[in-house]
Amino acid sequence: MGFKSVHDSSYWFYRSIFPGCLFSCYAVDLYLHKNPLNTLRTSTGIGLCVFIWFIALLISSFSVNSALVANIFSPINAFNISEFIKWFGISASITFSLRTLSHRARYGAVVEILFVASAFVINLAAHRNGMIHRPFFIGDFALTRGIDPSSILMAFGCAAVLSLSALLMMENNQKRLPYHFTVLGLLCFSLLIYVRLFGLPTPQLTDGIGLTGQAQNGNSGQRDNPFRDGENENNDKEAPVAVVVFRDDYEPLNGSYYFRESAYSQFDGAMLNYTTRDDMDRDLIKHFTNSRAETDLLPGAGDERKLVRTTIGMLVPHRNPFGLESPIAYENKANPSNLRFKRTYDAYSLAPEYDFEYLIGQETGRDEWTDELLQEYLSIPDDNRYQALAEQLIGNLRPEYIDDPFAKAWAIKSYLDENGIYSLKNQHAYEPDPAASFLFGDLTGYCMHFSFAATYLFRSIGIPTRVGIGYSVPAANRAGGSALLVQAIHGHAWPEVYFKDIGWVIIDPAPQQTLVDMTTDPQNDLQQLLGDMLRDDASFEDFLESQQTSFIQLETLLNILYAIVALALLVAYLIKAYRLWIPSFARNESQYRLCYRAMLDRLSAVGLYRNFGESREKFAERVNTTIPSLKPMTNTHLSLALGGNVPNIAQQQKWNELDRAVRKEVSASTVTWRKVIAFFNPFSWLLTK
């Protein structure tokens, strides 16, 4: 059933998560202490949750794969039922497990809140797949004050986590509320610090072309198979990956702006790959620079080209720099917003202004190319069908065009346009030659299939060609402005033919039939916002200042919050260290009191502390099984405190022995993770009574 859409999936995700969580919360809170749930071990209950999860997935899969369900409820309703069952089962099983742990384990509440906090962070971090201007009431408020809207959303998320955590923990144990609330506050604070230091998380992208990722030192290494059956999904394709600001006006030749990042040009015996030769693809700039990098080979036909400077801000890391068609230089540019842009630079391009008629009668190749180099641009798989099909397609050309390279290439392109079907779902990737499987099979595939097939057909009749990869953005997306938003959906591959005295020319097939909607909603507001951030113009700063209000800005409030939290942590650590350190320097008459207080601090840090109304003797008796030396230490402390005597040498020696004994017993009876928490928790001394 190939009708599942991202919209429907996310719709039912949210519609079924809430009732699943609500159902489990009520079930646990009302029936956990009644038969039969109270007889189940915690591990058994969690195991049953995993089993329910598995059963929900099975039922969900059956609903969409069974013709019976589709016939009874209709295919759309079958899909909706499947999505509801799946997400209801997943949410109910997870919530049941977490609530059970919260009731039965001391650490359960922390685990539960950490999970809730993670859910908030995951939903807010990517910020609508990078759409930072939404929701509009937050975006408008922030942007007119020069604030990144993500900061407001992050603050809302932290506040929501803290509020929810208080409600969840108060219902179980009010005495530990300050401790847990402080820990969660520190977690939220650490999230803000992380964002300040390392920037905002970026959306996960489905990238089957290999454009995004870690920067490469050149592109001569082997790349992964670019044909991704079943992996090349449309999910997250709206996520913005870069913004381009045009410093010179330019309208493209064919209705789309092409931004080349790299190229597949050398046949490696299986398919086209990055070249390993220094004399191939000399026009490509294959590395980022902190200064300026220029191409080794300029394109020709200078009088038919226009020098265009663009400023590019990358929102996600890329393997290589990219620039408008025929880039000749990249120049590093100061990043106006390290929190938003991963890298910024200027790209200089000799963009073509000729029309396609200019290419009629032009020769291919380059005079400086050796026969060996020319052969590299003509190598194809050992399959005679490519040449046979190409010759068949150019057989109907008019006599005056029969030997014209551009006319031949256009005839092949027209065939793919008219007969090819664009689809992200195909079964060609793991064939020995995916391009042949596509071309001589169902002619159903996406840009990689069309570009490889066209390149092999061009090469088979002596036209030097390579596959360019990068982005293709409709010119209409500029909407009359100078900024252009590049989204993941614009990732593209296309054939390029080398014409003598002109350079590499894009001849891109455009299938007229498509099985997938690759359009996106206009993002004019986001495009303008990111363009303004990238420009960092004084006029934009003046506009922001004119919109300032007399109220204290969120940025100022956050800075004050950071300072208060940092100061509170520092003071708490100093007090904790003082209380543990001062007994060693105290006078004899007060040493026993300060030493006993320090010992109670150590016990509080590992979770052992007096309850309200509990005497010190009762507390020592309660922990006697794990800390037996605390009882005589408590009795000695009380005798000295109530008697008012200054301890003599014998009593002092006995006191020190008890102190060492209690420390050893605390260390021996405490697990490692509690020791780590005890060491780093600055507020544990607050529980000492």
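Draft legend 1. Representation of the overall build of the chain within the structure. In terms of regular secondary structure, the chain is built from 22 helices and 16 strands. Split into buried and exposed, the 689 residues of the chain put 50% on the buried side. When contacts within the chain are restricted to residue pairs at least 6 apart in sequence, those whose partners lie at least 24 apart make up 75%.

Draft legend 2. Representation of the packing of aromatic side chains. Throughout the structure, instances matching the rule amount to 26 aromatic pairs. Consider the rings of Tyr 258 and Trp 494, whose centres lie 5.0 Å apart with planes at 75 degrees: the pair is edge-to-face. Of the two residues, Tyr 258 is situated in strand β2 (residues 256-264) and Trp 494 in strand β14 (residues 491-499); the sequence distance between them amounts to 236 residues. Pair check on accessibility: Tyr 258 and Trp 494 agree, each one buried. Plain terms: the ring middles of Trp 369 and Trp 504 are 6.5 Å apart, the flat faces sit at 40 degrees to each other, and that makes the pair tilted. With Trp 369 in the loop between β9 (343-352) and α10 (371-376) and Trp 504 in strand β15 (residues 503-506), the pair connects residues that are 135 residues apart, well separated along the chain. Judged by relative accessible area, which is 14%, Trp 369 ranks as buried. Linked through ring pairs, Tyr 264, Phe 267, Tyr 274, Tyr 386, Phe 440, Phe 452 and Tyr 456 together constitute an aromatic cluster. The residue whose ring lies beneath Arg 292 is Tyr 348, and the NZ or CZ to ring-centre distance is 5.1 Å. Between the NZ or CZ atom of Lys 413 and the centre of the ring of Trp 410, over which it lies, the distance is 5.0 Å.

Draft legend 3. A look at the sheet that holds strand β16 (residues 513-514). On the basis of which strands lie adjacent, the open sheet formed by three strands has the order β11-β10-β16 and parallel pairing. The open sheet is flanked by β11 (444-445) and β16, the only strands paired with a single partner. Bridge analysis of strand β10 (residues 421-422) against β11 gives two bridges, and the strand direction is parallel. When the bridges of β11 are listed, Ile 421 appears paired with Thr 444.

Draft legend 4. Here's a closer look at the pairing of strand β6 (residues 305-314). With seven of 10 residues buried, β6 lies mostly within the body of the structure. Bridge count between strand β1 (residues 240-246) and β6: five bridges; the pairing is antiparallel. Looking at β6, one finds that Val 244 is bridged to Ile 312.

Draft legend 5. Highlighting the confidence of the model for the chain. Of the residues in the chain, 73% reach a pLDDT of 70 or more, and the chain-wide mean stands at 78. A low-confidence stretch, residues 1-11 stays under pLDDT 50, and its non-local contacts, those more than four residues away or across chains, total 12 contacts.

Draft legend 6. Highlighting empty space enclosed by the protein. Taken as a whole and assessed by the stated rule, the structure comprises 10 cavities of 30 Å³ or more. Quantified by volume, the second largest cavity comes out at close to 110 Å³. When residues of the lining of the second largest cavity are traced back to their parent elements, those giving at least two are β8 (327-332) and β15. A class-by-class count of the residues in the lining of the second largest cavity yields seven nonpolar, three polar and two charged.

Draft legend 7. Spotlight on helix α2 (residues 42-65). With 24 residues, α2 extends 35 Å between its outermost C-alpha atoms, agreeing within 8% with the 34 Å of an ideal straight helix rising 1.5 Å per residue. Residues of α2 that are buried include every one of Gly 45, Cys 49, Ala 56, Ser 60, Ser 63 and Val 64, and no others. Next to the buried residues of α2 lie α3 (67-73) and α4 (75-104).

Draft legend 8. Representation of the pairing of β8. The pairing of strand β5 (residues 292-294) with β8 spans three bridges and is antiparallel. Its bridge partner being in β8, Ala 293 is matched across the sheet by Tyr 330. For β8 and β9, the ladder comprises five bridges, and the chain directions are antiparallel. Pairing of Glu 331 across the sheet is with Asp 346, part of β9.

Draft legend 9. Layout of helix α14 (residues 447-460). Compared with the 20 Å implied by 1.5 Å per residue over 14 residues, the 20 Å span of α14 between its first and last C-alpha is a close match. Across the 14 residues of α14, 14 count as buried, placing the element largely inside the fold.

Draft legend 10. Expanded view of the environment of Ala 329. Considering the arrangement of structural elements, one finds Ala 329 in strand β8. Taking the C-alpha atoms as reference, Ala 329 lies 9.9 Å from Leu 298; in sequence the two are 31 residues apart. Apart from the residues lying within four places of it in its own chain, the contact partners of Ala 329 are Ile 285, Arg 292, Ala 293, Glu 294, Asp 346, Ala 347 and Tyr 348.

Parameters at a glance
Residues numbered from 1 in each chain as written. Predicted model: local features only at pLDDT ≥ 70, side-chain atom pairs only at ≥ 80, totals over all residues. Heavy atoms only, no water. Helix = DSSP H or I, 4+ residues; strand = E, 2+ residues; numbered from the N terminus. Buried < 20%, exposed > 50% of the residue type's maximum accessible area, 1.4 Å probe, protein only. Contact = heavy atoms within 4.5 Å. Phe/Tyr/Trp six-rings, centres within 6.5 Å; stacked < 30°, edge-to-face > 60°. Lys NZ or Arg CZ within 6 Å of the ring centre and 35° of its normal. Pairing = 2+ DSSP bridges. pLDDT = per-residue confidence, 0-100. 1 Å grid on protein atoms, 1.4 Å probe; cavity = no way out; pocket = protein on both sides within 12 Å on 5 of 7 lines; lining within 4 Å. Points joined across faces, edges and corners; volume = space filled by probe spheres on them. Nonpolar A, V, L, I, M, F, W, Y, C, P; charged D, E, K, R; others polar. Expected span 1.5 Å × (residues − 1).

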